[in-house]
Amino acid sequence: MSAREAASRILEAVDESGRHYRDSLPMIASENILSPLVRKACDSDLHGRYAEGLPGKRYYQGCDDFDTIEEIGIAAAKRVFNCNFANIQSTSGTVSNMAGLKALAKPGDTITAVSTADGGHISHARMGAVGVRGLNLVTYPWIESRMEPDIDAAAALIRETEPNVALFGQSVFLFPTPLEELADAAHEVGAKVMYDAAHVLGLIAGNQFQDPLREGADVMTGSSHKTFPGPQGGFLLSNSDDPKFQRRLNSAIFPGPSRSRQSGGTSRVRRVRC
Ligand SMILES: Cc1ncc(COP(=O)(O)O)c(C=O)c1O
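Figured I'd write up the structure that's included with this text.

Calculation notes
Residues numbered from 1 in each chain as written. Predicted model: local features only at pLDDT ≥ 70, side-chain atom pairs only at ≥ 80, totals over all residues. Heavy atoms only, no water. Helix = DSSP H or I, 4+ residues; strand = E, 2+ residues; numbered from the N terminus. Rg over C-alpha atoms; globule rule 2.2 N^0.38 Å. Buried < 20%, exposed > 50% of the residue type's maximum accessible area, 1.4 Å probe, protein only. Contact = heavy atoms within 4.5 Å. Areas by Shrake-Rupley, 256 points an atom, 1.4 Å probe, with all protein chains shown as cover. Lys, Arg positive; Asp, Glu negative; His and termini not counted. Charge placed at Lys NZ, Arg CZ, Asp CG, Glu CD. Core = buried A, V, L, I, M, F, W, Y, C linked by side-chain atoms within 4.5 Å. Axes fitted to C-alpha atoms, helices over the stretch in contact; angles between N-to-C directions. Parallel < 35°, antiparallel > 145°, perpendicular 65-115°, else oblique. Left-handed = near helix turned anticlockwise from the far one by under 90°. Pairing = 2+ DSSP bridges.

**Topic: the overall build of the chain**
What the chain contains, in helices and strands, is nine helices and eleven strands. Relative to its length of 274 residues, the chain is compact, with a C-alpha radius of gyration of 20 Å against a globular reference of 19 Å. Split into buried and exposed, the 274 residues of the chain put 42% on the buried side. Of all intrachain contacts in the chain linking residues separated by at least 6 positions in sequence, the fraction that spans at least 24 positions is 66%. When the accessible surface of the chain is summed, it comes to about 15,600 Å², and 53% of that surface belongs to carbon and sulfur atoms. With 29 positive and 32 negative side-chain charges, the chain shows a separation of 10 Å between the mean positions of the two kinds.

**Overview of the nonpolar core**
Core analysis: the largest hydrophobic core is formed by 33 residues, its most contacted members being Phe81, Tyr140, Phe168, Tyr195, Met220 and Leu237. Those elements giving two or more residues to this core turn out to be helix H3 (64-80), helix H6 (151-161), strand S8 (165-168), helix H7 (179-188), strand S9 (192-196), helix H8 (201-205) and strand S11 (234-238). Here this core takes five residues from H7, the largest share from any one element. Beyond its immediate sequence surroundings of up to four residues, Tyr140 is in contact with Thr112, Ala113, Val114, Asp118, Ala154, Leu157, Ile158, Ala166, Leu167 and Phe168.

**What to know about the packing of H6 against H7**
In the contact formed by H6 and H7, the axes pass within 8 Å of each other and the chain directions differ by 15°. In terms of axis orientation, H6 runs roughly parallel to H7. Considering only the axes of H6 and H7, their crossing is right-handed. When H6 is examined against H7, the residues Ile151, Ala154, Ala155, Ile158 and Arg159 are found in contact with a partner set consisting of Glu181, Leu182, Ala185, Ala186 and Glu188.

**Describing the sheet that holds strand S4 (residues 110-113)**
To summarise the sheet geometry, strands pair through backbone hydrogen bonds and adopt either a parallel or an antiparallel arrangement. Strand order across the open sheet formed by seven strands is S3-S11-S10-S9-S8-S4-S5, with mixed pairing between neighbours. Whereas interior strands pair on both sides, the edge strands pair on one side only; in this sheet they are strand S3 (85-87) and strand S5 (136-139). Ignoring which end each strand starts from, the neighbouring axes of this sheet average 20° apart. As paired strands, S3 and S11 are joined by three bridges and run antiparallel to one another. Paired with Asn87 across the bridge in S11 is Leu236. Sheet contacts for H3: S3 and S11; angle to S3, the most-contacted strand, approximately 130°. Helix-sheet contacts for H6 involve S4, S5 and S8, and the interaxial angle to S4 is about 180°.

Structure below.
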């Protein structure tokens with residue numbers, strides 16, 4: 001196929017996909033239809049631009065328009081999720097999870113999470129972000145017939161395991177997570193609580209599900225393009241007003257902390273002469 005033919009075939013498929021979704025009712029929870037307003041913003045010059053750093057503290061010049069957009073986006077996210085901190089730079093829910101784990105744990109730490117068999121996302125598994133971060137994974141006891149955690153057994157497991165991070169939230173779930181009870185157990189043993197709201201973020205924004213940041217989650221992650229009907233991206237949210245913790249979350253998204261600055265990290269960076 002020539003380059004011209006390939007381009008034309010791709011554009012046909014793009015149009016076909018648009019027609020297909022216009023004429024059907026997609027029931028896939030991880031997908032949405034962009035509003036004309038979001039489409040307009042995505043189909044703009046901004047698509048090919050970089051804005052590394054934070055508003056007002058960029059790594060190079062020419063980011064004033066990005067600063068305006070990002071400042072408005074951060075303020076809106078804080079308002080919608082009623083929280084003190086929002087980072088809206090992540091490119092997806094998975095990247096938000098990787099950043100959350102980077103900020104809250106160091107390699108060799110232990111994490112408790114929902115197994116993929118019980119509805120947890122692949123990024124909560126050894127083959128996903130949890131494994132990439134080098135964490136030891138312990139999964140919660142589950143009542144399969146009710147598609148819910150066994151609350152007492154899960155709380156006991158957290159108290160016994162003493163994880164550094166207790167991760168909640170799933171891809172497949174019918175009911176809100178009993179977060180208050182489990183977050184209490186996690187905080188008792190000094191664990192940070194992270195809630196992955198990727199699939200249900202739109203419901204949380206509309207007050208139609210649970211409210212993790214008021215039920216004990218220290219950090220909430222999510223995708224901006226599933227039930228939350230925005231463009232492709234991700235959130236890192238927290239109610240913490242501790243500037244040090246907020247800096248740790250921001251730098252986990254970009255540029256990512258050095259080994260010696262990781263949470264609780266005592267390892268030193270060895271300089272190797274090449
Ligand atoms: C619970 C959960 N977390 C994270 C993700 C990944 O999100 P993304 O596709 O934005 O990387 C998904 C995807 O469906 C998910 O269900």
